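Coordinate inspection notes
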Amino acid sequence: MKTITASVASKEFGRYLDAAQREPVIVTKKNRPVVVTVSFQDWEELTKLRIERSLAHGLDDIENGHFEEVSTASTAARLASFKYRNTSAT
């Protein structure tokens, strides 16, 4: 993975964008990594994988009974609990 400083990325933005099309690029500032830039295609793939993983976790929760049906009563109970926690904390 390529690493570039923020000042070089700023001065050579076109080259920086070209590099990010080929592989992820770490941008550093004061010798610390601050961001990673990836191509739009890689971003779409990562987003799709994240969504698929979240759905798989949700389905696992449902299969294992780790859910609560949402109803007017359960929503009112959660709201009352939230209000109680926030007023008792002050």
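This text follows the structure it describes.
Residues numbered from 1 in each chain as written. Predicted model: local features only at pLDDT ≥ 70, side-chain atom pairs only at ≥ 80, totals over all residues. Heavy atoms only, no water.

1. Things to note about the overall build of the protein
Which entries qualify depends on this criterion: The way it works is that DSSP assigns letters per residue, a run of H or I at least four long becomes a helix, a run of E at least two long becomes a strand, and they are numbered from the N terminus. Relative accessibility under 20% of the residue-type maximum defines a buried residue, over 50% an exposed one, and the middle range a partly exposed one, all with a 1.4 Å probe and only protein chains included. The contact rule is simple, with two residues in contact once any of their heavy atoms fall within 4.5 Å. Using the Shrake-Rupley algorithm and a 1.4 Å probe, accessible areas are obtained, with residue cover drawn only from the displayed protein chains. Charge convention: Lys and Arg are scored as positive, Asp and Glu as negative, and His as well as the terminal groups of each chain are ignored. We put the charge of a Lys on NZ, of an Arg on CZ, of an Asp on CG and of a Glu on CD.
The secondary structure content of the protein amounts to four helices and three strands. Beginning at the N terminus, the succession of helices and strands in the protein can be written as β-α-α-β-β-α-α. By principal-axis analysis of the C-alpha atoms, the protein measures approximately 60 × 40 × 20 Å. Looking at the 90 residues of the protein, the share that counts as buried comes to 12%. Partitioning the intrachain contacts of the protein with sequence separation of at least 6 by distance along the chain shows that 12% fall at a separation of at least 24. Counting only carbon and sulfur atoms, one obtains 57% of the accessible surface of the protein, whose full area is about 7,800 Å². Within the protein, the 12 negative side-chain charges are centred at a point lying 14 Å from the centre of the 13 positive side-chain charges.

2. Concerning the environment of D61
Following the sequence through the fold, D61 ends up in helix α3 (residues 40–63). The class for D61 is partly exposed, based on a relative accessible area of 36%. Each C-alpha atom, one on D61 and one on S7, is 46 Å from the other, the two residues being 54 residues apart in sequence. Beyond its immediate stretch of four places on either side in the chain, D61 contacts H66 and F67.

3. Some remarks on the pattern of salt bridges
In plain terms, the rule: Criterion for a salt bridge: a side-chain nitrogen of Lys or Arg within 4 Å of a carboxyl oxygen of Asp or Glu.
One pass over the full model with this rule turns up one salt bridge. Between E12 and R15 there is a salt bridge; the shortest N-O distance is 2.5 Å. A relative accessible area of 32% places E12 in the partly exposed class.

4. As for the nonpolar core
We count it as follows: In plain words, nonpolar cores are sets of buried Ala, Val, Leu, Ile, Met, Phe, Trp, Tyr and Cys residues tied together by side-chain atoms within 4.5 Å.
One finds I4, A9, Y16, A19, A20, V25 and V27 forming the largest nonpolar core, which totals seven residues. Counting residues per element, the ones that place at least two in this core are α2 (13–22) and β2 (25–29). Broken down by element, this core gets its largest block of residues, three residues, from α2. With residues near it in sequence (within four places) discarded, I4 still touches A9, Y16, V25, I26, V27 and T28.

5. Points about a nonpolar patch on the surface
What counts, and what does not: Nonpolar side chains (Val, Leu, Ile, Met, Phe, Trp, Tyr) are joined into patches within 5 Å and like charges within 9 Å, using only residues with over 30% relative accessible area and no salt bridge.
Side chains of F40, W43, L46 and L49 sit close together on the surface and give an oily, nonpolar patch of about 460 Å² of accessible area. Along the chain, L46 turns up in helix α3.

6. Quick look at α2
Counted only if it meets this: Here the arc refers to the set of directions running from the helix axis out to each C-beta atom.
Residues of α2 that are buried: Y16, A19 and A20. For α2, the arc enclosing every buried residue in end-on projection is 100 degrees, short of the 170-degree limit, so these residues lie on one face. Along α2, the residues that are exposed and aim more than 90 degrees away from the buried face are R15, Q21 and R22. Structurally, α2 contributes buried residues whose contacts are with β1 (2–5), α1 (6–11), β2 and β3 (32–37).

7. Quick look at α3
The cut-off we apply is this: In this scheme, a helix's expected span is set at 1.5 Å multiplied by one less than its residue total.
Between its terminal C-alpha atoms α3 stretches 35 Å, which fits the 34 Å expected from 24 residues at 1.5 Å a residue. The positive-phi residue at the C-terminal boundary of α3 is G65, with phi of around 75 degrees.

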